[in-house]
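What the coordinates show
Each chain, letter by letter, is given below.
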Amino acid sequence: MAADTAPEPLTQAPKQKLNGQHLPGPTVNGQPTVATLLNPDELASSPLLDSLGTMINAAFTAGHSTKNILGGTKRLNQPSDLPVQIGSSPGTFTVLVTDAHESNPRVLGTVSAKPYSVPLDIARNGTKKSAFLRLVAPTRRAPRAPVVELWELKFLAVDPSLQRQGLAVFLLDLAEAEVRRRSEAKRSVDVEPGTDVELVMVLTTIDELVGPFYMRRGYELDYKSFQDIGYMGTEVGFTIAHYSKLLN
Ligand SMILES: CC(C)(COP(=O)(O)OP(=O)(O)OC[C@H]1O[C@@H](n2cnc3c(N)ncnc32)[C@H](O)[C@@H]1OP(=O)(O)O)[C@@H](O)C(=O)NCCC(=O)NCCS
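Residues numbered from 1 in each chain as written. Predicted model: local features only at pLDDT ≥ 70, side-chain atom pairs only at ≥ 80, totals over all residues.

The name recorded for the chain in an unreviewed UniProt entry is N-acetyltransferase domain-containing protein, from Acrodontium crateriforme.

Next comes the structure, spelled out in structure tokens:
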């Protein structure tokens, strides 16, 4: 009888269907890759969230250990912290580069970007003390245009075994292009035609580790603060730097 029939054992692993918009990725270790753009909901429900979180922690731990900075600090306590930290404000997106295996893709690199506004409540009352939080808009130059649109780059990370092959440059270029595209699409709806808009990407990084990488890609320093030994348990001092780049 049908009710007594045991379920058929699975003969193969279920395919991990990756939601989102797929684009060709760069060649990594001579192999093709796929870049996928995810919105916040797709990220939160992605079957790759665990491996993404593991890769991000491995990348940051490897990077920090090169100069013994923040040795024992995990970037994410758990993978589900990632969608929470990135948030879901309209326009936010995450890019995953995976290898091209259909049934079991592996995350090789990632970046996210989100619309940024200065957290004024925090800036005013000072309830949040983390120096990693940017508290001021880019200030090194007067705005060129009456409207300034700010976006923030987050969680650029590449699997430590696959670094120095151009994957981060690919991710950064793609994130900047996607921000330009989203901004232009939004502008045609939100802003009076003919209004000049200054489009700016901001980011926060540990200067000793990644500052030069961003500077070579056109980012300029807005402000920085030196954190002494002991900050977040670090065994050496390091500099938290806030950069920005004009995207148009
Ligand atoms: C920072 C990080 C994302 C860079 O990733 P990556 O994939 O190694 O970066 P790329 O390969 O695109 O570029 C890195 C360097 O390698 C160089 N490079 C690229 N392809 C190369 C190749 N085939 N051979 C040798 N060098 C190469 C690039 O020119 C670049 O040099 P530069 O920094 O002197 O300009 C990576 O080190 C990482 O994940 N770090 C930990 C996380 C982190 O700190 N993220 C930043 C948060 S703000």
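Moving on from the model shown.
Section: the overall build of the chain
Along the chain, the regular secondary structure elements total six helices and eight strands. The order of helices and strands in the chain, counted from the N terminus, is β-β-α-α-α-β-β-α-β-α-β-α-β-β. Counting every position in the chain, which comprises 248 residues, the buried fraction comes to 31%. Looking at the chain alone, contacts between residues at least 24 apart form 70% of all its contacts between residues at least 6 apart. (Helix = DSSP H or I, 4+ residues; strand = E, 2+ residues; numbered from the N terminus. Buried ≥ 20, exposed ≤ 12 C-beta atoms within 10 Å, placed from the backbone. Contact = placed C-beta atoms within 7 Å.)

So, the sheet that holds strand β4 (residues 107-115)
The strands that make up a sheet are held in pairs by hydrogen bonds between backbone atoms, and each pair lies either parallel or antiparallel. Strand order in the open sheet formed by eight strands is β1-β2-β3-β4-β5-β6-β8-β7, with mixed pairing between adjacent strands. Unpaired on one side and paired on the other, β1 (21-24) and β7 (220-227) mark the two borders of the sheet. Along the sheet, successive strands turn relative to each other by an average axial angle of 20 degrees, direction set aside. By the bridge criterion, seven bridges tie strand β6 (residues 197-206) to strand β8 (residues 238-246) in an arrangement that is antiparallel. Considered in β8, the bridge of Leu-203 is made with Tyr-243. This element, helix α6 (residues 207-215), spans β6, β7 and β8 of the sheet and lies at about 150 degrees to β6. (Pairing = 2+ DSSP bridges. Axes fitted to C-alpha atoms, helices over the stretch in contact; angles between N-to-C directions.)

Describing unusual backbone geometry
Look at Asn-29: it is not a glycine, yet its phi comes out positive at around 50 degrees. Considering the arrangement of structural elements, one finds Asn-29 in the loop between β1 and β2 (33-38). One non-glycine residue, Arg-164, adopts positive backbone phi at about 65 degrees. Here Arg-164 is to be found in the loop between β5 (147-158) and α5 (167-190).

Some details on the site of the ligand
Taken together, 19 residues form the shell around the ligand, and within it Ala-59, Gly-63, Gln-163, Ala-168 and Thr-205 come nearest. For the shell around the ligand, the elements supplying multiple residues, two or more each, are α2 (49-65), β5, α5, β6 and α6. Of the residues that constitute the shell around the ligand, the class distribution is 12 nonpolar, five polar and two charged. (Near = placed C-beta within 6 Å. Nonpolar A, V, L, I, M, F, W, Y, C, P; charged D, E, K, R; others polar.)

As for α2
For α2, with 17 residues, the first-to-last C-alpha span of 24 Å sits near the 24 Å given by 1.5 Å per residue. Buried residues along α2 sit in contact with α3 (81-86), β3 (93-99), β4 and β5. (Expected span 1.5 Å × (residues − 1).)

A few points about the confidence of the model for the chain
With 88% of its residues at a pLDDT of 70 or more, the chain shows a mean pLDDT of 87. Low pLDDT, under 50, characterises residues 1-15; the predicted model gives this stretch four contacts beyond four residues in sequence or across chains. (pLDDT = per-residue confidence, 0-100.)

Examining the pairing of β4
Most of β4 sits out of view: eight of its nine residues are buried. In this sheet, β4 lies alongside β3 in antiparallel orientation, the contact comprising six bridges. Bridge pairing links Thr-94 to Ser-112 in β4. Of the strand pairs in this sheet, β4 and β5 are connected by six bridges, and their pairing is antiparallel. Bridging from a neighbouring strand, Ala-113 pairs with Leu-153 of β5.

Thoughts on α5
Between its first and last C-alpha, α5 extends 34 Å over 24 residues, near the 34 Å set by a 1.5 Å rise per residue. Within the span of α5, buried status applies to Leu-167, Ala-168, Phe-170, Leu-171, Leu-172, Ala-175, Glu-176, Val-179 and Ser-183. In this fold, the buried residues of α5 make contact with β3, β4, β5 and β6.

Brief notes about the environment of Tyr-231
Positionally, Tyr-231 belongs in the loop between β7 and β8. In this structure Tyr-231 comes out as partly exposed when scored by C-beta crowding, with 17 C-beta atoms within 10 Å. For the pair Tyr-231 and Ala-131, spaced 100 residues apart in the sequence, the C-alpha separation amounts to 9.8 Å.

Topic: the environment of Thr-66
Topologically, Thr-66 is positioned in the loop between α2 and α3. Take Thr-66: there are 9 C-beta atoms within 10 Å of it, and that puts it in the exposed class. Through-space distance from the C-alpha of Thr-66 to that of Leu-209 is 8.3 Å; in sequence the pair is 143 residues apart.

Digging into the environment of Pro-32
Along the chain, the position of Pro-32 falls in the loop between β1 and β2. The exposed category is assigned to Pro-32, around which 11 C-beta atoms lie within 10 Å. Once the C-alpha coordinates of Pro-32 and Thr-98 are considered, the two residues, 66 residues apart in sequence, prove to be 9.2 Å apart. Excluding anything up to four places from it in sequence, Pro-32 contacts Thr-27 and Ala-100.

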